[in-house]
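Structure at a glance
Here is how the chains run, residue by residue.
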Amino acid sequence: MTRVVDTAGLDEIVRLLRAAGRTVIAPTVRDGTIVPAEIESGAELPIGWTEDQNGGYYRLAATDTPERFAFSSPSDSWKRYLHPPRTLLVRTRSTEAGIDVELPDPSAPSVALFGVRSCDLAAMHVLDQVFLDDAATDPGYAARRADAFIVAAGCAHPGNTCFCASMQTGPTPNAGYDLAVAELYDNGQHRFLIDSGSDRGANLLAEVDSRPATEADTAAAAAAHDNAVQHMGRTLSPSDPPAAAAHTDHPRWDDVAERCLACGNCTMVCPTCFCSSTQDSSGLIPGEAERWRVWDSCFTADFSSVHGGPVRSTTRSRYRQWLLHKLVTWHDQFGMSGCVGCGRCITACPVGIDLTAEIAALARSGSESGEAPNTTNATVT
Amino acid sequence: MIDRKPSLAVWKFASCDGCQLTLLDCEDELLAVAEQIDIAYFLEATRATVEGPYDVSLVEGSITTAGDMERIKEVRRQSRFLITIGACATSGGIQALRNFGDVEELMRIVYATPSFLSTLDTSTPISDHVPVDFELRGCPIDRNQLLEVISAYLAGRKPAIGEHSVCIECKQRHNTCVMVSHGTPCLGPVTHAGCGALCPTFHRGCYGCFGPAEQANVKSMSGALAQLGVSPDEIQRLFHTFNAWSEEFRNPPVQVAAPTRKTP
Ligand code: SF4
Ligand code: SF4
Ligand code: SF4
Ligand code: SF4
C-alpha cells in the first residue's frame, strides 16, 4: 500500500540505510552535473536543481522549487556500481610447489542505490541477462546485484534527450525495486509517495513516519506520470529498427561515420553497454601476475582485433554494429531491447550524434534520406 | 625469454629530458626494474656505461641535425628492441613547429650568431629514419605506461596499451565531461589514451599531448570545436602543439562549421 512521507521522511530513509551499514549512492551535484555518487544525507540530493540536456550538451539549471528529483537521468549511469570499470579477476604466484591462485572475494561493500530512474531499473534488468545467465554467472555482479538496496524514483520532468516512453521502460517504475518514490510538489505542498516492492523495503518503510496515500495523492501522481509521458524530448518508433536493419548499405551510415569520432563516450555512459577486455599484468615482480577486466568499447579497433587486424576496421562498421546491436540483434540475443531510452549517449556525444535521429533516417530508404524528424540540434558535417 | 638479465639503454635526441626523467620518477618501482634489467647506458642517471649491443633501447627526442640522422642509425644497430618515448620521438615534438615555417628566418630571430648553428630544416620522428618496435606517447610519457612496456617486455607479452581515445579513460574515471558540460574545448575524443585523462580530471580540456588516437576524426572534431565558438585560428593552434607534425594533426580542416549549436 502506498504511503506518504515528507522531506524529513525521505531524509530518514537515507539515514536508516546508512545506519544499516550501506553506502548510499544517489544523484548529487558534482562539477556542474548531476551524477550518482555517495551521499551522507538527504541534504546532498540535487535540491532545486534540474538540467538542460541536448545532443552533446549538458548544463545544470536552478529550479525555483525545493524538489529533489526535478532532473531527468543523471549524466552517468549506475552501471559502475554493479559492473565496475576495473575488476580484478585472478592473481597468480609461481611457487616451488606450482602456481598459487588467488580469486578475489566476490562480496562487495553494501550499497543502496537511491533515486534510480525507471529507465535505469530497466537497464539493470538488461545487465542481469548478461551477467546472471545460468551458464555463466558473474560472481561479483551477482553478489553486488543481490545486495544492492534499490530506491527507485519516478520521473516527473523528463529531459530533451529522454525517450523511455517509446521504449516502454518508463517514466514510472513498476518492478525491480525495494522502494519506489514519486515526488509531488504542488501548491507549495511537498510530499513523496512511497511503495515498497520487497520485504526489506516494507520493513524499512515501516520505521519511517508516514501516512496512507489519499485518493488525491494517487491522482496527482497519475497526472504527473501522464504529463511526463507527454513531455519526452525524443521518440523512437518501434518499426524503425527492423527497417533500418534491412538497409545495411544506406548512405546514412557513411554520413554518421563522417561525424562519429569513435571516441566511445556513448558506450561508456550507456547503462546497458557491458563490454570489457581482459588485461594481464605481469613482469616486474618475477612470478606474479594479475588478470583484470576493464570496460572496453566496440568503437575501438582493438575490440574487434584478431590475428591479422580488426574485424571492424572502419568507424562506419563500428557505429553500425553498435546501433544495430542495441536496437535489433539484442532482441535475438537477450530477448529484449538493449536500449532503454535514457538518452545519455545523445547528451554525452561530443558531436551530438542522436541514435533516434539516425535510426529514423536509416529506416527510410536511402534515396529519401534527409534530416531526421526529431533532430533538435544541428549536426556537424 | 632471455636467461641473463636483459640490458637497457636510454638515448637522447632533440628533447627536454622530461621523458627520461619519467624513468627516474618510477621511484617505488625503480629497484624492481633494476633487479630485472641491467641499466647499461643512461647518462641522465649515471656516467658509468656498458658497451652495446643492448636488448632494449628507450629513445627520447626528435631528429633535427645531420649528425643525429647518423647517430640514430647506430643506436638502431646496437638495439634488439627499440622503443621511442614521448611526443618528440614519436611525432617530432613541439620543435616540429619549425616544419611549418622558414628555418633561416627563425634562426635569425632567435640567435645572435645563427652561423654557429648547424640544423636541419625539419624536426622529424625517429620512425621517419629507422624502424621502431614500439612507440610510447605523451609529453611527457606516463610512468605507468613505461612500467607496463618494460614489464610486458620482460614477460614476453604484448603491452596492454590502448590506442583509443582519452574519453574512454575519462569516463572510466567518472569525470564530468568538460566539453559537454562546461563548453570547454577538449581534444580528448581524438587524442591517444595513456595519461588516465589527467587534464579533464582537473577540469581542463585535453591539449592532445599524447597525439592522435587511432583513426582520429580531426575533421569532425574541428567542427565540434567550431560549434563551441572556437575560431579557425584557435582550432589550428589547438592541434599545433606537441604533436603538430603528426599526420593527423598537421593540417586540421578548420573551416568546417559555423557555430550553430543552440545555447540557452
Ligand atoms: S543506447 Fe543511448 S539511450 Fe539507449 S540505453 Fe544506451 S545510452 Fe541510453
Ligand atoms: S557516436 Fe558520438 S559518443 Fe559515440 S563514438 Fe561516435 S562521436 Fe563518440
Ligand atoms: S572531458 Fe574531454 S576527454 Fe573527457 S570525455 Fe569529455 S571530451 Fe572526452
Ligand atoms: S589529458 Fe591530454 S594534454 Fe592532458 S596529459 Fe592527457 S593527453 Fe596530455
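Residues numbered from 1 in each chain as written. Chains lettered and ligands numbered in written order. Predicted model: local features only at pLDDT ≥ 70, side-chain atom pairs only at ≥ 80, totals over all residues. Heavy atoms only, no water.

**Some remarks on the site of ligand 1**
All names here are of chain A. Around ligand 1 sit 13 residues, and of these Cys270, Cys339, Cys342, Gly343 and Cys345 come closest. Secondary structure elements with two or more residues in the shell around ligand 1: helix 11 (315-334) and helix 12 (344-348). Of the residues that constitute the shell around ligand 1, the class distribution is nine nonpolar, two polar and two charged. (Near = heavy atom within 4 Å. Helix = DSSP H or I, 4+ residues; strand = E, 2+ residues; numbered from the N terminus. Nonpolar A, V, L, I, M, F, W, Y, C, P; charged D, E, K, R; others polar.)

**Observations regarding the packing of aromatic side chains**
Two measures describe an aromatic ring pair: the distance that separates the ring centres and the angle between the ring planes. Within the structure shown, the criterion is met by 16 aromatic pairs over all chains. Stacked on the ring of Trp292(A), the Lys or Arg Arg86(A) has its end atom at 4.4 Å from the ring centre. The side chain of Arg250(B) reaches across the aromatic face of Trp245(B), ending 3.8 Å from its centre. (Phe/Tyr/Trp six-rings, centres within 6.5 Å; stacked < 30°, edge-to-face > 60°. Lys NZ or Arg CZ within 6 Å of the ring centre and 35° of its normal.)

**Digging into the domain arrangement of chain B**
Residues and elements named next belong to chain B. Assigned domains of chain B: these are domain 1 (7-155) and domain 2 (166-250). Contacts between the two partners involve 17 residues from domain 1, matched on the other side by 16 residues from domain 2. Around 1300 Å² of area is buried between domain 1 and domain 2 when both sides are counted, 63% of it from carbon and sulfur atoms. Broken down residue by residue, the surface that domain 1 buries against domain 2 is led by Ser91, Phe100 and Arg137, which jointly contribute 41%. For the pair domain 1 and domain 2, the interface holds zero salt bridges. There are four residue pairs in polar contact (both at pLDDT 80 or more) connecting domain 1 and domain 2. Classifying every residue of the side of domain 1 that touches domain 2 by side-chain character gives eight nonpolar, seven polar and two charged. (Domains from an automatic or database assignment. Contact = heavy atoms within 4.5 Å. Buried area = accessible area lost by both parts, 1.4 Å probe. Salt bridge = Lys/Arg side-chain N within 4 Å of Asp/Glu carboxyl O. Polar contact = N/O pair within 3.5 Å; in protein donor to acceptor, adjacent residues only side chain to side chain.)

**Details of the site of ligand 2**
Residues and elements named next belong to chain A. In the vicinity of ligand 2 there are 13 residues, among which Cys260, Leu261, Cys263, Cys266 and Cys349 approach most closely. A majority-of-atoms criterion places ligand 2 in the second largest cavity. For the shell around ligand 2, the per-class residue count stands at 11 nonpolar, two polar and no charged. (1 Å grid on protein atoms, 1.4 Å probe; cavity = no way out; pocket = protein on both sides within 12 Å on 5 of 7 lines; lining within 4 Å. Sits in = over half its atoms within 2 Å of the grid points.)

**Some thoughts on the sheet that holds strand 2 (residues 38-41) of chain B**
Residue and element names in this part refer to chain B. Pairing in this open sheet of five strands is parallel, and the strands run 2-1-3-4-5 from one edge to the other. In the strand order of this sheet, the two ends are held by strand 2 and strand 5 (134-136), each with one partner. With direction set aside, neighbouring strand axes in the sheet form an average angle of 30 degrees. In this structure, strand 1 (residues 7-12) lies alongside strand 3 (residues 54-60), joined through five bridges in parallel fashion. When the sheet's bridge partners are listed, Lys12 is paired in strand 3 with Glu60. Sitting on the sheet, helix 6 (residues 143-155) is in contact with strand 3, strand 4 (79-85) and strand 5, with an inclination near 160 degrees to strand 5. (Pairing = 2+ DSSP bridges. Axes fitted to C-alpha atoms, helices over the stretch in contact; angles between N-to-C directions.)

**Quick word on the environment of Ser196(A)**
Residues and elements named next belong to chain A. With respect to the helices, strands and loops of the structure, Ser196 is situated in strand 11 (residues 189-196). Classification of Ser196 as partly exposed rests on a relative accessible area of 31%. Note: C-alpha distance between Ser196 and Val181 (15 residues apart in sequence) is 9.0 Å. Excluding its chain neighbours within four sequence positions, the residues that come into contact with Ser196 are Tyr177, Asp178, Leu179, Gly201 and Ala202. (Buried < 20%, exposed > 50% of the residue type's maximum accessible area, 1.4 Å probe, protein only.)

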